[in-house]
Amino acid sequence: MKKKVLVVEDGKLSRAIIVATLESNGLQCIPAENGKQALELLTTIHCDLILTDLVMPIVDGIDFIKIVRKREKIAAKNSSIPIVVLSKQKDELLETAIRLGINDYFIKSVPIINLVPKLKYLLREIVWPQPIHPN
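Quick caveat, the model's predicted, so the values are computed rather than measured.

Position of leucine 41 relative to the elements: it lies in helix α2 (residues 35–42). Take leucine 41: its relative accessible area is 22%, and that puts it in the partly exposed class. In this structure, the C-alpha to C-alpha distance between leucine 41 and leucine 6, residues 35 residues apart in sequence, is 8.8 Å.

Structural data, given as structure tokens:
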């Protein structure tokens, strides 16, 4: 069964490229235009990972992450859903997201195909290559 990734990105073209790339690499995507729509989707669907932008209208990425993590605490879940942030650069917003408990981040200037191994690792579909240490 394919792992489900909730893709929260307000840019229509960016969202389409991300979804196409992930789906062509064996992941099922559930697209959302903003944090509000994503929060509504999370009340009715299960997803295995969240990939979210930070700068979005209505409910931005920071508030979205806060609400998701708060819902998990209220539900007393033993584990939290992996969240990966899409960011244009490493900045204060990204640092805030890290403090809120995201699992990883991806800088948008890097080709999106490079994101696939990171997501598959977080979804436990692949083992991250270990560096070889000389004796």
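Don't stop here, the text continues.
This next bit is on the pairing of strand β4 (residues 83–87). Counting buried residues in β4 gives five out of five residues, a clear majority hidden from the surface. Neither face of β4 is exposed, since Ile83, Val85 and Ser87 on one face and Val84 and Leu86 on the opposite face are all buried. Pairing of strand β3 (residues 49–53) with β4, which is carried by four bridges, proceeds in the parallel orientation. Each residue of the ladder has a partner; that of aspartate 53, found in β4, is leucine 86. Sheet topology places β4 next to strand β5 (residues 104–107); four bridges connect them, and they run parallel. When the bridges of β5 are listed, valine 85 appears paired with tyrosine 105. Remark: the β4/helix α4 (residues 92–99)/β5 crossover connection has right-handed handedness.

Turning our eyes to something else, we now look at the environment of asparagine 34. As for its placement among the helices and strands, asparagine 34 is situated in the loop between β2 (28–32) and α2. Given the relative accessible area of 8%, asparagine 34 is considered buried. Once the C-alpha coordinates of asparagine 34 and aspartate 10 are considered, the two residues, 24 residues apart in sequence, prove to be 5.5 Å apart. Not counting the four nearest positions on each side in its chain, asparagine 34 is found in contact with Val8, Met56, Pro57, Ile58 and Val59. A distance of 3.0 Å separates a polar atom in the side chain of asparagine 34 from the backbone nitrogen of lysine 36.

Parameters at a glance
- Residues numbered from 1 in each chain as written.
- Predicted model: local features only at pLDDT ≥ 70, side-chain atom pairs only at ≥ 80, totals over all residues.
- Heavy atoms only, no water.
- Helix = DSSP H or I, 4+ residues; strand = E, 2+ residues; numbered from the N terminus.
- Buried < 20%, exposed > 50% of the residue type's maximum accessible area, 1.4 Å probe, protein only.
- Pairing = 2+ DSSP bridges.
- Right-handed = clockwise from strand over helix to strand, strands pointing away.
- Contact = heavy atoms within 4.5 Å.
- Polar contact = N/O pair within 3.5 Å; in protein donor to acceptor, adjacent residues only side chain to side chain.

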